[in-house]
Amino acid sequence: MRKQSGTEVFRITGARQGLADDVRGRQRRYIISMSVRTVSVVLAATLWNVERHVAVVALALGVLLPYVSVVIANAGRENAPSLPSTFVPAPVRTALGTAPAAGPAEPAGEPGPSGRAAGGPAPG
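Calculation criteria
- Residues numbered from 1 in each chain as written.
- Predicted model: local features only at pLDDT ≥ 70, side-chain atom pairs only at ≥ 80, totals over all residues.
- Heavy atoms only, no water.
- Helix = DSSP H or I, 4+ residues; strand = E, 2+ residues; numbered from the N terminus.
- Buried < 20%, exposed > 50% of the residue type's maximum accessible area, 1.4 Å probe, protein only.
- Contact = heavy atoms within 4.5 Å.
- Areas by Shrake-Rupley, 256 points an atom, 1.4 Å probe, with all protein chains shown as cover.
- Expected span 1.5 Å × (residues − 1).
- Bend = angle between axes of the 7 residues up to and from the residue.
- Patch = residues over 30% accessible without salt bridge, like charges linked within 9 Å, V, L, I, M, F, W, Y side chains within 5 Å.
- Salt bridge = Lys/Arg side-chain N within 4 Å of Asp/Glu carboxyl O.
- Polar contact = N/O pair within 3.5 Å; in protein donor to acceptor, adjacent residues only side chain to side chain.

Peer 1: Could you give me a rundown of the overall build of the protein, with the residues and numbers involved?
Peer 2: What the protein contains, in helices and strands, is 2 helices and 2 strands. Split into buried and exposed, the 124 residues of the protein put 14% on the buried side. A separation threshold of at least 6 residues defines the contact pool for the protein, and within that pool the share at least 24 residues apart is 62%. Carbon together with sulfur atoms contributes 64% to the accessible area of the protein, which is approximately 10400 Å² in total.

Peer 1: An account of helix α2 (residues 52-74) is needed here, citing residue identities and associated values.
Peer 2: Given a rise of 1.5 Å per residue, 23 residues ought to cover 33 Å, and the 34 Å separating the end C-alpha atoms of α2 matches this to within 8%. At Leu65, α2 shows its maximal bend, which comes to roughly 35°, and the proline Pro66 appears one to four places after that position. Looking at α2, one finds that the buried residues are Ala55, Ala58, Gly62, Leu65, Ser69 and Ala73. Those residues of α2 that are buried lie in contact with α1 (19-47).

Peer 1: How would you explain a nonpolar patch on the surface if you had to name every residue and give the values?
Peer 2: On the surface, Trp48, Val56, Leu59, Val63 and Leu64 cluster together into a nonpolar patch covering about 470 Å² of accessible area. Considering the arrangement of structural elements, one finds Trp48 in the loop between α1 and α2. Classification of Trp48 by relative accessible area gives partly exposed; the value is 35%.

Peer 1: So, the side chain of Ser40: which residues are in play, and what are the values?
Peer 2: The topology assignment puts Ser40 in helix α1. A distance of 2.7 Å separates a polar atom in the side chain of Ser40 from the backbone oxygen of Arg37. Sequence-distant contacts of Ser40, defined by excluding residues within four places in its chain, comprise Ala58, Leu61 and Gly62.

So this is what it looks like as structure tokens:
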């Protein structure tokens with residue numbers, strides 16, 4: 001017979017991502033966004049005398065992207081909402097031959113709230 005210890009069961013699909021994988025992913029996102037920033041600043045400098053509107057947009061992107069990159073890179077280690085709960089409650093086992101009660105039942109032969117015996121004929 002197995003011994004029920006009442007411990008919580010871990011669900012592997014609800015486990016968090018490893019710390020090294022999380023840091024690596026945040027570093028990758030930061031490097032990609034900083035590369036985009038570098039390209040946009042070079043593009044702004046190149047297009048300043050050719051197409052001023054595009055250069056201003058690229059420059060604005062180059063100015064705002066470092067702040068956004070840092071916020072995105074630091075936003076790590078939160079639980080993903082799409083994953084199920086990490087813990088699953090241990091199943092409750094009942095003794096053999098017993099069924100959970102559906103609710104209070106009126107015994108046959110005794111008058112119920114209507115004044116008649118349960119299961120008996122309705123007054124007519």
